[in-house]
Structures are given as C-alpha cells and as structure tokens.
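# What the coordinates show
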Amino acid sequence: MEVSNRLKKIPPYVFAQIDQKRQELVAKGIDVINLGIGDPDGPTPKHIVESAKNALDNPVNHHYPPFGGMPEYKEAISNWFNDRFKVKLNPKTQITSLIGSKEGLHNTIMAYIDSGDINLIPDPAYPVYRTSTILAGGEPYFMNLNEENDFLPDLNAIPKDVLAKAKLMLLNYPNNPTAAVANLDFFERVIHLAKKHSILVAHDLAYSEMTFDNYVAPSILEVPGAIDTAIELHSLSKTFNMTGWRIGFVVGNENSVKAVASLKSNVDTDIFKVVQLAAINALTGPMTHIQECNDLYQARRDLAITELQNLGWPKIKPNKATFYMWLKVPPHMTSQDFCTKMLEEAHIVVPPGTAYGPNGEGYFRISLCVGEKRLKEAFDRMKSKNIVFGPSTVVSHK
Ligand SMILES: *Cc1c(COP(=O)(O)O)cnc(C)c1O
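Okay, so let's go over this structure. (Residues numbered from 1 in each chain as written. Predicted model: local features only at pLDDT ≥ 70, side-chain atom pairs only at ≥ 80, totals over all residues. Heavy atoms only, no water.)

### Quick notes on the side chain of D123
Within the secondary structure layout, D123 lies in strand β3 (residues 118–123). Buried charge without a partner: D123 forms no salt bridge, and the closest opposite charge is R130, 6.8 Å away. Beyond its immediate sequence surroundings of up to four residues, D123 is in contact with F142, M143, N144, L145, Y356, G357, P358, N359 and G360. (Helix = DSSP H or I, 4+ residues; strand = E, 2+ residues; numbered from the N terminus. Buried < 20%, exposed > 50% of the residue type's maximum accessible area, 1.4 Å probe, protein only. Lys, Arg positive; Asp, Glu negative; His and termini not counted. Salt bridge = Lys/Arg side-chain N within 4 Å of Asp/Glu carboxyl O. Contact = heavy atoms within 4.5 Å.)

Here it is, written out as structure tokens:
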C-alpha cells in the first residue's frame, strides 16, 4: 500500500537515520562515542522517581487522565512560572499539558497552519518545526540564523509579502542547535512585529534552566502584552532529566492554548496520571540537581573548548546555555563529509549542521551528554585520526 503524499514529502527523522548507522557499527563490535543526541546522561532525581512509584500503587491513577492536564498539575505549573519568571498565568485557561514539547510543537503547527500558509521558522532549527509544517501542507519560510547576528533572526530581512501571509513564527532560545541565547529586548521586537502582522509566536523554551555563568534565560511572556500574541512550550525533559517520561506544557494566549488543547483532545488522551504526579513533584520539589547538572555540562563545555582549540579550531566563545556546541567544520569540507569521517574513522557520532536546515552547512553539533573521560577520549580519537581544523583534513579518506 502506498503511503500518503504527506508522508512522502518528509524525509525519515534525521536522528533515527543517524542512530541506525551507529547501531550498525555497534553490532560489529565497534565502540562508538555518541555525541549526537541531546538526552541528559544523569538519572531523574530520586524524589521524582519515588513519587511516581507511590502514585503507581494507587488504582485511582490507572484510569484515563482528564483532558488538558490534571488541575493540580496546572496549578503547580502556574506557581512555578510565577516564581521563575514573575508572570501570572490562569491555570484553567492559559495552561495545557503536553506529551513533551515535540508533540506540542507538532500540534501547535497543525492547529494553525493550513495548506499554503507560511510558518516562519529558524534555519537551522529543531527538525520538527520544518517537518510538521510540511505535514500540515504549509510552507516554511526560513529565517537564517548566522553567527554575525549572534544566531538571532534578522527580523527586518523578512519580506513584507511573507509577513502578510505568515500565521506563525517559531523561536527557540536558549537555542538548539546553535546554543545561542536571546534577551528580552529581542523578544520585545518579535512581539511588536507579531502584533503588527497578526502572527502567533510559539516560543520553544525547552532549555530554560540549562544555563551557565550566571546567565538566566527569560520567558517571552515577560514582555508586556506578549500574551496577546504568543504561547510558550515548556518541557520537563531537559530540566529534570525526564526525557523518557514524556511530559511538558504550553502556556500563554488563551485562545491558542485552547486551540492546541482542542486539537490534542481529538488525537491523544493526555498523560498517565502517575507521570503528571511525578511532574508536580518535580516542579514543587527541591531544585538542587539543576545547578549540579549545569556544573557538569559547564565543565564538559570548558573541556571541549580547550580540546578543540588544541585541535586547531579557531577561538570558541563559551555558550551561555544548553548542552550543545555549534562548531565550524574544517575548511573545504561539507558538514556531511566531516560527520561521515568522524563516524567512520573516529567512531564518533555528531550530526551535520545540515540536519537542522540548509543554513547549517559548514557546521556540526556536539552534545555534552557524556562524562568528561569519555568526552576526552573523543578528542583523543580525533587527534589520533588527524581530524583537526586545518588543511590536513582536506585529504579525503576515500
Ligand atoms: C529536546 C527538545 C524538544 C523536545 O522536548 P520533549 O519535551 O522531550 O519533546 C523540543 N525542542 C527542542 C529545541 C529540543 O531540543
């Protein structure tokens, strides 16, 4: 049976492909270092796991959860949000639960993008922005993120006719894959533009707590009036080492939150209550692990900067947030060639910049989700295979 045209239009999920290659090497007995995927290597904090174990024993929690999230979950989100960003949200109308922000992003796009509608998305970006837009029949308009603009889109460069047709704009700061951050001044300009052109802004804030060197990431909803035209997607995945639990939430504009919840209620039946109860514990419990994890990521970041500069990389500016580093590939190589070389010769998985969009050409990303020893081993392997930033890498292995 033929699959739908919709499905034919999108490539296989890029990380599923990369992982298949990794598994092929592992099956041959090769020790592969995975600097590919952004999945915290630490466990979920004990108190969160314990609360889930207790909740699991109570049969009340074995039934269908309420649509949109348990009221206690939304109350906990509202309190956390006010403590963290000084923004008051009505838990009944301005918050709805998500099965992780990946799901929320897809359903936000499905709720707003019709055939032919324009979605303004960054390039490079988390792949779901682009693929879900295509699944919805819409047209992605790429806002290039370049180093000379600190990886912020140039809002003035978006053509007038594109703005007139655009319904949605997706943003993500702290950013995956570039690790860039945005300040409130930038968000203010975004909100101003969005109001002028009746565009809904969906801000993906998956890395709100993963910050270093005393940097604190703002919420776009801190901009006065942002709630008129913006929603923000949050995830417990990265903040609480809970990627496998699948839980997040979307907050902000009442009509938009309602639209996403309405679409979702037709597609899924919310989140296992046990997971929601654990999430409540995460949001209301001790947060000491956040600093501990950030200290680990920061130390890995500093190690990687030193090691890469020793391998010839030009001066690397320490990223203020996320466990990613967005790095230039050596001159005269494509992103794909470099990443293939890394995998085949050094047995290190790193995604090419182009996995995040055409404008990612010339870059690759590393994730700092392995311990320092393993990370050091990766750079030692690069050195022994002469994978350095310089002319020596021009000679192809083929
Ligand atoms: C990890 C990640 C997500 C997905 O988070 P889940 O809540 O686990 O679905 C969303 N957006 C970005 C930018 C991410 O890096």
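### Things to note about the nonpolar core
One finds Y73, L120, M169 and L236 to be the most contacted residues of the largest nonpolar core, which totals 68 residues. The dominant element in this core, judged by the number of residues it contributes, is helix α10 (residues 273–284), at seven residues. Both of domain 1 (5–43 + 288–384) and domain 2 (46–284) provide at least three residues apiece to this core. In this structure, Y73 is in contact with S97, L236, I247, G248, F249, Q276, A279, I280 and L283, ignoring residues within four places of it in sequence. Grouped together as the second largest cluster of nonpolar side chains are 39 residues, M333, I348, L368 and F379 included. (Core = buried A, V, L, I, M, F, W, Y, C linked by side-chain atoms within 4.5 Å. Domains from an automatic or database assignment.)

### Focus on the environment of D114
Along the chain, the position of D114 falls in the loop between α5 (101–112) and β3. Setting aside chain neighbours within four positions, we find D114 in contact with A136, G137, G138 and K167.

### Regarding empty space enclosed by the protein
Across all of its chains, the model carries three cavities of 30 Å³ or more by this definition. In this model, the largest cavity occupies a volume close to 70 Å³. In terms of residue class, the lining of the largest cavity is built from six nonpolar, three polar and two charged. If you count residues domain by domain, the lining of the largest cavity takes at least three from each of domain 1 (5–43 + 288–384) and domain 2 (46–284). Taken as a whole, the second largest cavity spans an internal volume of roughly 50 Å³. (1 Å grid on protein atoms, 1.4 Å probe; cavity = no way out; pocket = protein on both sides within 12 Å on 5 of 7 lines; lining within 4 Å. Points joined across faces, edges and corners; volume = space filled by probe spheres on them. Nonpolar A, V, L, I, M, F, W, Y, C, P; charged D, E, K, R; others polar.)

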